[in-house]
Amino acid sequence: MSMATRKGAQPPAPHGADSHDVIRVHGARENNLKDVSIEIPKRRLTVFTGVSGSGKSSLVFNTIAAESQRLINETYSTFVQGFMPTLARPEVDVLEGLTTVITVDQQRMGADPRSTVGTATDANAMLRILFSRLGKPHIGPPSAYSFNTASVRASGGITVERGAAKTKTVKATFQRTGGMCTRCEGRGSVTDIDLTQLYDDSKSLSEGAFTIPGWKSDSQWTVQLYAQSGFVDPDKPIRRYTKKELQAFLYGEPTKIKVNGINLTYEGLIPKIQKSFLSKDKESMQPHIRAFVERAVTFTTCPECDGTRLSEGARSSKIKRISIADACAMEIRDLAEWVRGLKEPSVAPLLEALQRTLDSFVEIGLGYLSLDRPAGTLSGGEAQRVKMIRHLGSSLTDVTYVFDEPTIGLHPHDIQRMNDLLLRLRDKGNTVLVVEHKPEAIAIADHVVDLGPGAGTGGGTVCFEGTVEGLRAGDTITGRHLDDRASLKESVRTATGALEIRGATANNLRNVNVDIPLGALVVITGVAGSGKSSLVHGSIPADETVVSVDQTPIRGSRRSNPATYTGLLDPIRKAFAKENGVKPALFSANSEGACPTCNGAGVIYTDLAMMAGVATPCEDCEGKRFQAEVLEYRLGGRDISEVLAMSVEEAEEFFGDGEAKTPAAHKILERLSDVGLGYLTLGQPLTTLSGGERQRLKLATHMADKGGVYVLDEPTTGLHLADVEQLLGLLDRLVDSGKSVIVIEHHQAVMAHADWIIDLGPGAGHDGGKVVFEGTPAKLVADRSTLTGEHLAAYVGG
């Protein structure tokens, strides 16, 4: 019997090291946080809830995670820190008990055309080593299997210095074998210019054959250049040109010629178009020119490598009749089985590591992806789960993992798997902090922190802290809405027509034929990877009548903000100019009114080469972005920087009435409020918006469009349960105004509210790609024939 169990013996005193069981935050004031003080239990799963803009990210990412990163950076030597961004200490009085933080956010993976799922996760690197060891015939080192490495050969004289000024020139040759396809340079696709979009070949140049924007009139200089070049007959229809004329017309070398006595340079139409249109950033073009470029330039699969990106040599080397191109094209779950079948003692550790990585994909619900899938095509949720893969097998414990809505893009069926993974990370002895809105994910929390009560300036306080049961019983917005269940509609709208899709085969779709009803709210659903996006984005004809609103990053610089993106700044600038009798350009931080020190950016950016750059507020304008004299001009008692610091709600009131009344601005602000963005400030940089906020900003911008069909990709992303109702009201208003709305969505409240549901499945990847149900939500619930049907029935009944 040990001493401790003897009668009357005292239990051992707790060890001092075990007393640090909480992360203590005291007086946090980042962004909209109002002196927040909380204690977060360690080695537990804590979920942070609250309406969009309530301060969840400010507390979790900008305070806890940011301070952890700053303290880790301080452990490096001063020399190393000189190369690292100087992180400002977050606005907080006390932060105790921090551990190393690993953040797994929803930032899309870089849409670099060379980046694939395989290159982003080390799986490709391991496969390349595997093929360089076991591939037959042997073609070279791992680089010979890389589509990002070109083959290089060089030879020449090199100077070798030996001893006291004795130099000798030696002939040397250098060779590196790469796996890049030479035709497409490892991109898998080549660009073609569709000539039918450039001119009408039944007309002659003098009859106005060109259909290029700005090239229509005969008097236009460029048109005159071709007509009077002497290389072609301006009165002959283009289709009757001789081979020589057509060659000169399309591909002619730059040549000096005289037109109407003026020296000009003539060159073929194709190089001319490439220089004047294709070398410019597409996003900076005017809408009609961008539309022309999108029509004229077509991407076709590279005929030489058949889209595999790899050279013939790399494709010829095989293991068990499978080349590296075949391996990357397989669904990852199939590839995992193939790797499991390889038994080769010499590469056993490599096979084990590769097996672990591939199994993690399957476990996390991404087994339907293939390694050659371009990284830029992954959704925010998929990108986040791909980033999780490297942490799953990690031996680190006592780490703090921070997740930003990990259930995004997940069907209710898949959320359970994600929950299991979060619990597994916790059970390894880690602290898991999750920002989340879905009730299914909130339910597994050990501890809940609810922020609010509102958004923006109306938020930033802790409304509740405790268990999930306590939250349910508590009187906070989240608590009240936690058990909300949207009921099925009593009557559904009847379709006014149908959008026919026939023989759709994009990605994993299997010859799908479906009629999407028009004039109704249609929800497309199915597990992640079942083919929803392929059906909607790949098969619905992209024309003027279809407005597609997805979560891709808005192509805006850090100077862009909601006011510039929506066109709201134009009427505001004009109102200021009219009131003060000066030019509107003065009220633009990108034009004449800009602070000269920071060029109107409000911050000074220091580029640190290979490290992340760092931004510090401009000292001259104090981050206001404008020259001091511009801030003297006022409208309704406010200067332009104060207006840009307003939230959408404040600005709506400000421009709605009184001396600052500006109907054009008020109309845009109303639309921003309608989509649930009332808490955003007008001058907030677009780069700081979440995926869901970006999508709702696009929706607000497009609401004035003439388009008849709206396609939305998971509009509930980042929306609190209370805001989902507002979104459903907005979708109803869109449909009632005569639009057709097609929504890709997993949220059961949106499914229940639909007029028509199209369910894809039954599984993901090659197990999906079929329509497993089409009909009303009530019929889906009654049938319970699909996974979606079962979950929707449980939701409506629960």
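1. Section: the packing of aromatic side chains
- Applying the stated criterion to the full structure yields 14 aromatic pairs.
- One aromatic cluster is present, formed by Tyr199, Phe210, Tyr226, Phe231, Tyr241, Phe249 and Tyr266 through successive ring pairs.
- The aromatic ring of Phe654 is capped on one face by Arg638, whose charged end is 5.8 Å from the ring centroid.

2. Looking at the packing of helix 22 (residues 648-656) against helix 23 (residues 663-674)
- Where helix 22 meets helix 23, the closest approach of the two axes is 9 Å, and the angle between their N-to-C directions is 150°. Taken together, the axis directions place helix 22 and helix 23 in an arrangement best described as roughly antiparallel. The handedness of the crossing between helix 22 and helix 23 comes out as left-handed. Of the residues in helix 23, those in contact with Val648, Glu649, Ala651, Glu652, Phe655 and Gly656 of helix 22 are Ala665, His666, Leu669, Glu670, Leu672 and Ser673.
- Considered class by class, the residues forming the contact of helix 22 with helix 23 number 6 nonpolar, 3 polar and 3 charged.

3. Section: the sheet that holds strand 4 (residues 94-96)
- The strand order 2-1-4 describes an open sheet built from 3 strands, whose pairing is antiparallel. Strand pairing shows two members of the sheet lacking a second neighbour, strand 2 (36-41) and strand 4, which therefore form its edges. Put simply, the sheet's adjacent strands are angled 5° from each other on average, direction ignored.
- Judged from the 3 bridges that link them, strand 1 (residues 22-28) and strand 4 form a sheet pairing that is antiparallel.

4. Considering the nonpolar core
- In this structure, Leu127, Leu130, Leu335, Trp338 and Phe403 are the most contacted members of the largest nonpolar core, which totals 68 residues.
- Sorting elements by how many residues they give to this core places helix 4 (residues 123-134) first, with 6 residues.
- Every residue in contact with Leu335, bar those within four places of it in the chain, is listed here: Leu127, Ala327, Met330, Leu358 and Leu371.
- Counting residues in hydrophobic clusters, the runner-up holds 67 residues, among them Ala563, Leu672, Leu682 and Tyr795.

5. Let's talk about the environment of Gly678
- Inspection of the secondary structure assignment puts Gly678 in the loop between helix 23 and helix 24 (691-702).
- Assessed through its relative accessible area of 6%, Gly678 is described here as buried.
- Apart from residues lying up to four places away in sequence, Gly678 is in contact with Ser647, Val648, Glu649, Leu672 and Ser673.

6. Considerations on the side chain of His447
- Relative to the helices and strands, His447 is located in strand 16 (residues 447-452).
- When its relative accessible area of 14% is taken as the criterion, His447 is described as buried.
- Dropping the residues within four chain positions of it, His447 is found in contact with Glu39, Pro41, Leu45, Thr46, Val47, Glu465 and Gly466.

7. Some thoughts on empty space enclosed by the protein
- Following the criterion strictly, the structure yields 4 cavities of 30 Å³ or more and no others.
- Computed from the structure, the largest cavity encloses a volume of approximately 120 Å³.
- Looking at the largest cavity, it is lined by 17 residues, and the ones nearest its centre are Glu405, Lys438, Thr716, Thr717 and Gly718.
- Among the residues forming the lining of the largest cavity, the class breakdown is 4 nonpolar, 8 polar and 5 charged.

8. Notes on the environment of Leu631
- Tracing the backbone shows Leu631 in the loop between strand 23 (614-617) and helix 21 (640-644).
- Classification of Leu631 as buried rests on a relative accessible area of 15%.
- Along the primary structure Leu631 and Ala150 are separated by 481 residues, whereas in three dimensions their C-alpha atoms are 55 Å apart.

9. Considerations on helix 13 (residues 380-392)
- Between the first and last C-alpha of helix 13 there are 19 Å, a value that for 13 residues agrees with the 18 Å anticipated at 1.5 Å per step.
- Those residues of helix 13 not exposed but buried are Gly380, Gly381, Glu382, Ala383, Gln384, Arg385, Val386, Met388, Ile389, His391 and Leu392.
- Buried positions along helix 13 lie against strand 5 (101-104), helix 12 (348-363), strand 14 (400-404) and helix 14 (412-427).

10. Details of the sheet that holds strand 16
- Read across the open sheet, the 6 strands follow the order 5-14-15-3-16-17; overall the sheet is mixed. Taken across any chain shown, the strands that pair with only one partner, and hence form the sheet edges, are strand 5 and strand 17 (461-466). Strand-to-strand twist of the sheet, defined as the mean angle between neighbouring strand axes without regard to direction, takes the value 15°.
- By the bridge criterion, 5 bridges tie strand 14 to strand 15 (residues 431-435) in an arrangement that is parallel. Directly across from Thr400, in strand 15, lies its bridge partner Thr431.

11. Comments concerning the pattern of salt bridges
- Taken as a whole and judged by the stated rule, the model has 34 salt bridges.
- The shortest N-O distance in the salt bridge between Arg333 and Glu331 comes to 2.8 Å.
- The class of Arg333 is partly exposed, set by a relative accessible area of 21%.
- Relative accessible area serves as the criterion here: at 12%, Glu331 is assigned to the buried category.
- A salt bridge links Asp570 to Arg573; the nearest nitrogen and oxygen atoms lie 2.6 Å apart. Here Asp570 and its partner Arg573 are both found in helix 20 (residues 569-580), 3 residues apart, which amounts to about one turn of the helix.
- When its relative accessible area of 17% is taken as the criterion, Arg573 is described as buried.
- Here the salt bridges share partners, and the residues they tie into one network are Lys489, Arg493, Asp732, Asp736 and Asp755.

The rules behind the values
Residues numbered from 1 in each chain as written. Predicted model: local features only at pLDDT ≥ 70, side-chain atom pairs only at ≥ 80, totals over all residues. Heavy atoms only, no water. Phe/Tyr/Trp six-rings, centres within 6.5 Å; stacked < 30°, edge-to-face > 60°. Lys NZ or Arg CZ within 6 Å of the ring centre and 35° of its normal. Axes fitted to C-alpha atoms, helices over the stretch in contact; angles between N-to-C directions. Helix = DSSP H or I, 4+ residues; strand = E, 2+ residues; numbered from the N terminus. Parallel < 35°, antiparallel > 145°, perpendicular 65-115°, else oblique. Left-handed = near helix turned anticlockwise from the far one by under 90°. Contact = heavy atoms within 4.5 Å. Nonpolar A, V, L, I, M, F, W, Y, C, P; charged D, E, K, R; others polar. Pairing = 2+ DSSP bridges. Core = buried A, V, L, I, M, F, W, Y, C linked by side-chain atoms within 4.5 Å. Buried < 20%, exposed > 50% of the residue type's maximum accessible area, 1.4 Å probe, protein only. 1 Å grid on protein atoms, 1.4 Å probe; cavity = no way out; pocket = protein on both sides within 12 Å on 5 of 7 lines; lining within 4 Å. Points joined across faces, edges and corners; volume = space filled by probe spheres on them. Expected span 1.5 Å × (residues − 1). Salt bridge = Lys/Arg side-chain N within 4 Å of Asp/Glu carboxyl O.

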